[in-house]
Amino acid sequence: MKKELKICLPIYKILYSAAFVLILSFVRGITFVDEIGIALESPIALLTVIFCADTYLVELHNKRRDVFRLFPVKKQTTAILRRLLIQMIYLVFIAIAGYGMFYWQKPGEVMGGITSGTAFGQFLAAIPGTVLFWGIFSMTICNVVRNMWAGIGITMCIWLTLMSQAGSDFLGKWNVFSYMFRETDQWKDLSWMYGKSLSVILAVLLILLIPVVLKKRG
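Residues numbered from 1 in each chain as written. Predicted model: local features only at pLDDT ≥ 70, side-chain atom pairs only at ≥ 80, totals over all residues. Heavy atoms only, no water.

For the chain, the count of helices and strands is 11 helices and 0 strands. When each of the 218 residues of the chain is scored for burial, the buried share is 46%. A fraction of 76% describes how many contacts in the chain between residues 6 or more apart in sequence connect residues 24 or more apart. Accessible area of the chain: about 11,100 Å², with a carbon and sulfur share of 70%. (Helix = DSSP H or I, 4+ residues; strand = E, 2+ residues; numbered from the N terminus. Buried < 20%, exposed > 50% of the residue type's maximum accessible area, 1.4 Å probe, protein only. Contact = heavy atoms within 4.5 Å. Areas by Shrake-Rupley, 256 points an atom, 1.4 Å probe, with all protein chains shown as cover.)

Here helix α2 (residues 11–27) is 17 residues long and its end C-alpha atoms lie 24 Å apart, about the 24 Å a rise of 1.5 Å per residue gives. Among the residues of α2, those classed as buried are K13, S17, V21, L24 and S25. Looking straight down α2, one finds its buried side chains confined to an arc of 100°; they lie on one side. The exposed set on the far side of α2, more than 90 degrees from its buried face, consists of I11, L15, I23, F26 and V27. (Expected span 1.5 Å × (residues − 1). Arc of directions from axis to C-beta.)

Across soluble globular proteins, you tend to see nonpolar side chains buried next to one another. Core analysis: the largest hydrophobic core is formed by 54 residues, its most contacted members being L40, I44, L91, W134 and F177. Going through the elements one at a time, α2, α3 (36–52), α6 (73–101), α7 (116–145), α8 (148–162), α10 (193–208) and α11 (210–217) are the ones with two or more residues in this core. At 12 residues, α7 tops the list of elements feeding residues into this core. Aside from chain neighbours lying at most four places away, what touches I44 is V21, A95, I127 and V131. (Core = buried A, V, L, I, M, F, W, Y, C linked by side-chain atoms within 4.5 Å.)

Looking now at the packing of aromatic side chains. One pass over the full model with this rule turns up 13 aromatic pairs. With 5.0 Å between their ring centres and 55° between their planes, Y99 and F120 make a pair best called tilted. With Y99 in helix α6 and F120 in helix α7, the pair connects residues that are 21 residues apart, well separated along the chain. Here the aromatic cluster, defined as three or more aromatic residues joined through ring pairs, consists of Y12, Y16, F51 and Y90. In this arrangement the basic side chain of K173 is found over the ring face of Y194, its NZ or CZ atom lying 4.3 Å from the centre. Above the face of the Y179 ring, R182 is positioned so that its terminal group lies 4.0 Å from the ring centre. (Phe/Tyr/Trp six-rings, centres within 6.5 Å; stacked < 30°, edge-to-face > 60°. Lys NZ or Arg CZ within 6 Å of the ring centre and 35° of its normal.)

Counted according to the given criterion, the structure contains 1 salt bridge. The closest approach of N and O atoms between E41 and K196, which form a salt bridge, is 2.5 Å. Separated by 155 residues along the polypeptide, E41 in helix α3 and K196 in helix α10 bring together distant segments of the chain. On the basis of relative accessible area, K196 is assigned to the buried category, the value being 6%. (Salt bridge = Lys/Arg side-chain N within 4 Å of Asp/Glu carboxyl O.)

This is the structure in structure tokens:
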């Protein structure tokens, strides 16, 4: 596990991810606590795309590919999943830390509406699905095209489409960004969880494809 931590969480990744949420908490203005999750979800998804893009390709970049591919596919898959789990836990932690940083703006609670505790609870329910989907999707695309930057570019195009108003209008509650597009004044309406559930299902399907992708990579 120590080796995997060193591989998938180098210092430069920790530094730029921490700086990202810190700067975001200063430049993205909010007024009420129920706006924090909206301000965070799509940027955290973008951070996840970049953070996880090299999860498959790290062996190539570090010139260990020839050794890594000698392992059985099952062992390769286990290593990839272990690294993915480490990254997912770290990114959820960063998202939670970023949520707390927004309190430097001293947001107010909505009168007669959602409380800060409920708003945070909904954020905790939504953000793992966001991180899981975009992390796995990013590293899968990058490995399929065999180029990290091309993979990031393709994934970002999809990210932009889904977070657009057109994406929201077309997919509605099934959008993977359904939490971001929810009506905050109707906080008891949990239909946004359809989109989050779909995110998890798609992520699981991509996980099941990892052995196939590894075999194709050679």
